[in-house]
Amino acid sequence: MIEIIVSAVLGALLAGANDGLKEVTKKGISDGYEQLKSLLLRHGNGKHDVADALKKLEAKPDSEARRAVLIEELESSGAAID
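Each chain carries its own residue numbering, running from 1 in the written order of its sequence. Local features in this predicted model are restricted to residues of pLDDT 70 or higher, and side-chain atom pairs are both shown and tallied only at a pLDDT of 80 or more, whereas totals for entire chains, interfaces and linings draw on every residue. Excluding hydrogens and water, the side-chain figures rest on all heavy atoms present in the structure.

**Brief notes about the environment of Glu-75**
Next up, step 1: In DSSP terms, a helix is any run of H or I states spanning at least four residues, a strand is any run of E spanning at least two, and both are numbered starting from the N terminus. Relative to the helices and strands, Glu-75 is located in helix α4 (residues 64-77).
Next up, step 2: Judged by relative accessible area, Glu-75 falls into the partly exposed class, the value being 47%.
Next up, step 3: For the pair Glu-75 and Val-50, spaced 25 residues apart in sequence, the C-alpha to C-alpha distance is 9.7 Å. Note on classification: 1.4 Å probe, protein chains only; a residue is buried when its accessible area is under 20% of the maximum for its type, exposed when over 50%, partly exposed between these limits.

Quick look at the structure:
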């Protein structure tokens, strides 16, 4: 389950960087990503570092290490059981 969430995050980040997409498509991807991000940030009530892991993955979406940290934070936050 967590892998699906992380794939959605990465897909949105990478698609948003694609210069070939039309502005309407970029806006839709951006809006969807912000909604997903908002839902993920609710987990853990501040006890888990999901926000920091997301921010770091946004800076380097190709980093396997940062992806692994996000997965770890999402698992410990309880996102997998939602």
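**A closer look at the pattern of salt bridges**
Next up, step 1: Take a side-chain nitrogen of Lys or Arg and a carboxyl oxygen of Asp or Glu: if they are within 4 Å of each other, that pair is a salt bridge. Going through the model one piece at a time under the given rule, you end up with two salt bridges.
Next up, step 2: Linking Glu-58 and Lys-37 is a salt bridge whose minimum nitrogen-to-oxygen distance equals 3.0 Å. Residue Glu-58 is located in helix α3 (residues 50-59), and its partner Lys-37 is located in helix α2 (residues 23-41); the two are separated by 21 residues in the primary sequence.
Next up, step 3: With a relative accessible area of 26%, Glu-58 lands in the partly exposed category.

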